[in-house]
Amino acid sequence: MRKVYDKIVESKIQKKKSFALLVDPDKTSLAKADQILEHCIAASVDLIFVGGSLMVSNHMEDLVQHFKKECDIPVLLFPGSPSQVTPYADALLYLSLISGRNPELLIGQHVISAPAVKKSGLEVISTGYMLIDGGAPTTLSYISNTIPLPADKNEIAFCTAWAGEMLGMKLIYMDAGSGARNAIPEAMVSAVAQRIEVPLIIGGGIRTGEKAYNICQAGADIIVVGNAIEKDPSLIREISEAVHAHNAETSHVRPAGN
Ligand code: 1GP
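Before going into details, it helps to say that this report is about the structure given with it. What you see is a predicted model; the values in this text were computed from it and never measured.

This paragraph deals with the nonpolar core. Counting residues in hydrophobic clusters, the biggest one holds 83 residues, and the most contacted among them are F49 and M174. Apart from the residues within four sequence positions on either side, M174 is in contact with M130, I132, I184, M188, V192, L200, I201, I202 and G203.

Structural data, given as structure tokens:
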């Protein structure tokens, strides 16, 4: 059963860009979730990611169930630790932090969580996760105890993504970390996007529709935004329109010979 992944691949084949909203349960009460959901439905958000590097609250499962009850948008777990696995989501981004050299986040936590993940029945999407330097330490860099990949080292970035792809990972997710000062440079996005075949997710520090548009233009397939939207949920529309503007442009391109 690969419903969510097949949909992501299908979008890539059709050159459609997707917008994923990241919901951090620590910053989102059930009441706030309803407000966000209204914006998501109105703005045709494609995916909802739920998770965080650190989780203090204990209502993640309720939040996932709430989203599943109230909308048809696929809900993907984006877990910072094995305790963030719940069977109620549609799929699990099974992250291996391939930019780092912390064995716990490359394979250790996966071994520990394997029985729970198997039992959950979740669609598991193996994801090569790359932390890129966003200009200042983030919770992710601190908690993961890894050095982010330098933002101007495109060769390291595409070799890491290649390695992930050749190891069989189904997605590459490059992240500058939540609330990053700088989003990942378009040049790096482009260097990686040109060289891999699996879908490319980009997140961290994206705060405007213009930035989201440019990163899509550089080759990202899915744009993830969390922090900026927690501060201003009305941004959901602006960013969703910017991401989907590419799809409108693509659908107006006629195949040669017609
Ligand atoms: C973080 O990629 C996500 O892991 C989203 O980042 O919260 O900065 O939008 P922001």
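The subject of this paragraph is a nonpolar patch on the surface. A cluster of nonpolar residues, L54, V56, Y142 and I143, forms a patch on the protein surface that exposes about 470 Å² of accessible area. Mapped onto the elements, Y142 comes out in helix α5 (residues 139-144).

Another point: the pairing of strand β7 (residues 200-203). Side-chain alternation along β7 places L200 and I202 on one buried face and I201 and G203 on a second face that is also buried. Here four bridges tie strand β6 (residues 171-175) to β7, and the two strands are oriented parallel to one another. Bridge assignment links D175 to a residue of β7, and that residue is G203. One crossover worth recording links β6 to the parallel β7 by way of helix α7 (residues 186-193), and it is right-handed. Pairing of β7 with strand β8 (residues 222-225) involves three bridges; the strand directions are parallel.

This paragraph deals with the layout of surface pockets. Take a probe with the size of a water molecule and roll it over the atoms, and the empty space left behind shows itself. By volume, the largest pocket amounts to about 860 Å³. If you trace the largest pocket, you find 48 residues lining it, with G52, S53, P79, G80 and L140 closest to the centre. Of all the secondary structure elements, the ones that give two or more residues to the lining of the largest pocket are β4 (91-97), α4 (103-120), α5, β6, β8 and α9 (227-231). A total of six residues in the lining of the largest pocket trace back to one element, the largest contributor, which is α4. Its residues assigned to classes, the lining of the largest pocket shows 21 nonpolar, 20 polar and seven charged. In this structure, the second largest pocket is lined by K7, I8, E10, S11, Q14, K16, K17, S18, D46, L47, H244 and N247. Within the residue set of the lining of the second largest pocket, elements represented by two or more residues are α1 (3-13) and α10 (235-251).

A few words now on the site of the ligand. Surveying the vicinity of the ligand reveals 14 residues, the closest of which are D175, S178, G179, G226 and N227. Here G179 contributes a backbone N or O atom positioned 2.7 Å from an oxygen atom of the ligand. Contact distances for the ligand include 3.2 Å between an oxygen atom and a backbone N or O atom of G204. Protein chains shield 96% of the accessible area of the ligand, which is 310 Å² for the free molecule. In the shell around the ligand, the residues fall into five nonpolar, eight polar and one charged.

Take the side chain of N102 next. Relative to the elements of secondary structure, N102 occurs in the loop between β4 and α4. Judged by relative accessible area, N102 falls into the buried class, the value being 16%. Only 3.0 Å separates the side chain of N102 from the backbone nitrogen of E104, close enough to count as a polar contact.

Rules of the game
Throughout this description, residue numbers start from 1 for each chain and increase along the sequence as written. With the structure being a predicted model, the display of local features is reserved for residues of pLDDT at least 70 and the display and counting of side-chain atom pairs for 80 or more, all residues being used for whole-chain, interface and lining totals. The side-chain values count all of the structure's non-hydrogen atoms but skip hydrogen atoms and water molecules. As used here, the term nonpolar core means buried Ala, Val, Leu, Ile, Met, Phe, Trp, Tyr and Cys residues forming a set that is joined through side-chain atoms within 4.5 Å. Three exposure classes are used, based on accessible area relative to the maximum for each residue type with a 1.4 Å probe and protein chains only: buried under 20%, partly exposed in between, and exposed over 50%. Contacts are residue-level and defined by heavy atoms, with any inter-residue pair within 4.5 Å sufficient. For patches, a residue must show more than 30% relative accessible area and have no salt bridge; joins then use 9 Å for like charges and 5 Å for nonpolar side chains, namely Val, Leu, Ile, Met, Phe, Trp and Tyr. Where accessible areas are quoted, they stem from the Shrake-Rupley method and a 1.4 Å probe; at the residue level, only the protein chains shown are allowed to cover. When a carboxyl oxygen of Asp or Glu lies within 4 Å of a side-chain nitrogen of Lys or Arg, that pair is called a salt bridge. The secondary structure listing takes helices from DSSP runs of H or I that are at least 4 residues long and strands from runs of E that are at least 2 residues long, numbered from the N terminus. Strand pairing follows a simple DSSP-based rule, namely that at least 2 bridges must link the two strands. Convention used here: a crossover is right-handed provided that the path from the first strand, over the helix, to the second strand proceeds clockwise when the strands point away from the viewer. Points on a 1 Å grid over protein atoms alone make up a cavity when a 1.4 Å probe fits among them but cannot get out, and a pocket when they form an open set with protein on both sides within 12 Å along at least five of seven lines; lining residues each have an atom within 4 Å of a point. Grid points are joined across faces, edges and corners, and a volume is the space filled by probe spheres set on the points. Side-chain classes are defined by residue name, with Ala, Val, Leu, Ile, Met, Phe, Trp, Tyr, Cys and Pro counting as nonpolar, Asp, Glu, Lys and Arg as charged, and the others, Gly among them, as polar. Any residue with at least one heavy atom within 4 Å of a molecule or strand is counted as near it. Distance and chemistry together define a polar contact, namely a pair of N or O atoms within 3.5 Å, with one atom able to donate a hydrogen and the other to accept it when in protein, and with adjacent residues in sequence counting only for side-chain atoms on both sides.

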